[in-house]
Amino acid sequence: MGLAGSQRNVQQLVDDHYTALYRYAFRLTGSAADAEDLTQETFCTAQRKLRQLREPSRAKPWLFSILRNEYLHRERTQRQHPQVSLDSVGELAEAPPGPLPEVEPEQLQQALNELAEVFRTPVILYYFEDFSYRDIAEQMDLPLGTVMSRLARAKAYLRSRLLNPGPAVLADAQRRATDGL
Amino acid sequence: MDCEHARLLLNFAQPLAVALEESEAEALASHVANCPACAALDRLRHRLDERIGEAMRAVPVPAGLRDRLNARLARERRRFYLRSAMAAAAALLLALGGGWLLWPRPLVVDPVAVHTERIELPITSAGVEKWFADRGVTMKAPGDLNYHLLQYCTLAHFQGKLVPLLEFRSGQDSAWVYVLDARRFDLAALLGPPVGTGTTFTVEYRPEPGDERFGYLIISTGAGLEAFKKTPQAT
């Protein structure tokens, strides 16, 4: 039977993971409609390929991997958001004056949209807490060191971006994104 | 360990990261304990990371998402069962050797080929017959099925000709009823016991007892047609 696994197993996958998958999809795409679409496609693929899931404890990373692949497949055919270079992003050197600002989800999403997917995915997975560096490396099929490096740069970008979200920073990010175009 | 090295390692000394060697972790902890600047920076990063993490996870999940997901998965399963059943039915009919039934081209069964109007539910068997008659199609709806379970009616391709198709649903199981006209098909060649059974579907042919002009090719999932028959209470 092509639809491997019982209906009950698929139902369990949905119940256990649909909220986390949707939230991941939303942070990847920045769009509620795209996120729901991606989530649906992910579970449909999972239903067809359930036989590939040999360890139920690995269901979450497996589902996240399916979703990411689906997202990348769509990204190849769609226009990309302008993205910033992280080459010269520096880490925080000292605490800013005044209280630490709140981080608004919309502001965070805008910052995420400015990151290339290869930086955006590890930083999203990192902040969802359930994924270790090793999990992220497996997800992205990358060496651990590469993941650690990308994550450090992406986190540094988010921290400085969210602490200093002024127009000058935005203008600079846009300029970097369009340099050489 | 100097501050530059410590600040680099602080990137990776996070819960769940487990990316530092034990000796590195100890050296880092010792440095942070004795360096107010690095300790302050570490606290700042932790606090900021906590806030970023909270914002990252603060995605409202749309109401009804789980139900929509389950509905979509159920549709996908039905489509899969239908494709499997159609392929098996086609193969079985070919094997029966009803040669003149077959067009000299591949058998094509496409139940959603014509879906221009939705029938208004609930409806009776007589209502279904009238619905088709209003659209120029004479047919006989099986009288022993429970029309409370009817999902839709349409015209579908069967062996190159358009025939009425009714879909019934009972829980997770479905039954598709193709209404065949004796003037267009050799119904006598199809008479007999169930012509095929797979692990997830049954294919059978039944003549219409009240009208020899018609017969029904029925593909059903689950335990078979009994689940779709009229109960004493149903009309």
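Below is a summary of the structure that appears in this document. (Residues numbered from 1 in each chain as written. Chains lettered and ligands numbered in written order. Predicted model: local features only at pLDDT ≥ 70, side-chain atom pairs only at ≥ 80, totals over all residues. Heavy atoms only, no water.)

1. Looking at helix α2 (residues 32–48) of chain A
Residues and elements named next belong to chain A.
Alright, step 1. For α2, which comprises 17 residues, the first-to-last C-alpha distance of 25 Å matches the rise-based estimate of 24 Å (1.5 Å per residue) to within 8%.
Alright, step 2. Those residues of α2 that sit buried are Ala 35, Glu 36, Leu 38, Thr 39, Gln 40, Thr 42, Phe 43, Cys 44, Thr 45, Ala 46 and Gln 47.
Alright, step 3. Taking the backbone nitrogen of Ala 33 as reference, a side-chain oxygen 3.4 Å away marks Ser 31 as the first, capping residue of α2. (Helix = DSSP H or I, 4+ residues; strand = E, 2+ residues; numbered from the N terminus. Expected span 1.5 Å × (residues − 1). Buried < 20%, exposed > 50% of the residue type's maximum accessible area, 1.4 Å probe, protein only. Polar contact = N/O pair within 3.5 Å; in protein donor to acceptor, adjacent residues only side chain to side chain.)

2. A short note on the pattern of salt bridges
Alright, step 1. Enumeration according to the criterion identifies 19 salt bridges over all chains in this entry.
Alright, step 2. The residue B:Arg68 makes a salt bridge to A:Glu36 at a minimum N-O spacing of 2.5 Å. Taken together, the residues span two chains, with B:Arg68 in helix α4 (residues 65–96) and A:Glu36 in helix α2.
Alright, step 3. Since its relative accessible area comes to 32%, B:Arg68 is described here as partly exposed.
Alright, step 4. By relative accessible area, which is 15% here, A:Glu36 ends up buried.
Alright, step 5. Ionic pairing is found between A:Asp135 and A:Arg58, a salt bridge with its closest N-O pair at 3.6 Å. (Salt bridge = Lys/Arg side-chain N within 4 Å of Asp/Glu carboxyl O.)

3. Description of the packing of helix α1 (residues 7–29) of chain A against helix α3 (residues 59–75) of chain A
All names here are of chain A.
Alright, step 1. The interhelical angle for the contact between α1 and α3, taken along N-to-C directions, is 40°, at an axis separation of 10 Å. In this structure, the crossing between α1 and α3 has a hand that is right-handed. Contact residues: α1 offers Leu 13, His 17, Ala 20, Leu 21, Tyr 24, Ala 25, Leu 28 and Thr 29, while α3 offers Ala 59, Lys 60, Trp 62, Leu 63, Phe 64, Leu 67, Arg 68 and Tyr 71.
Alright, step 2. For the contact of α1 with α3, the per-class residue count stands at twelve nonpolar, two polar and two charged. (Axes fitted to C-alpha atoms, helices over the stretch in contact; angles between N-to-C directions. Left-handed = near helix turned anticlockwise from the far one by under 90°. Contact = heavy atoms within 4.5 Å. Nonpolar A, V, L, I, M, F, W, Y, C, P; charged D, E, K, R; others polar.)

4. Observations regarding the nonpolar core
Alright, step 1. Residues A:Phe43, A:Leu108, A:Val123, A:Leu158 and B:Ile52 are the most contacted members of the largest nonpolar core, which totals 62 residues.
Alright, step 2. At eleven residues, α1(A) tops the list of elements feeding residues into this core.
Alright, step 3. The residues contacting A:Leu108, other than those within four sequence positions of it, are A:Arg27, A:Val103, A:Leu158, A:Leu162, B:Ile52, B:Ala55 and B:Met56.
Alright, step 4. Grouped together as the second largest cluster of nonpolar side chains are 23 residues, B:Ile119, B:Phe132, B:Ala141 and B:Leu149 included. (Core = buried A, V, L, I, M, F, W, Y, C linked by side-chain atoms within 4.5 Å.)

5. Comments concerning the pairing of strand β6 (residues 201–207) of chain B
Alright, step 1. β6(B) sits mainly inside the fold: six of its seven residues count as buried.
Alright, step 2. Between β6(B) and strand β7 (residues 214–221) of chain B, which pair antiparallel in sequence order, lie six residues. (Pairing = 2+ DSSP bridges.)

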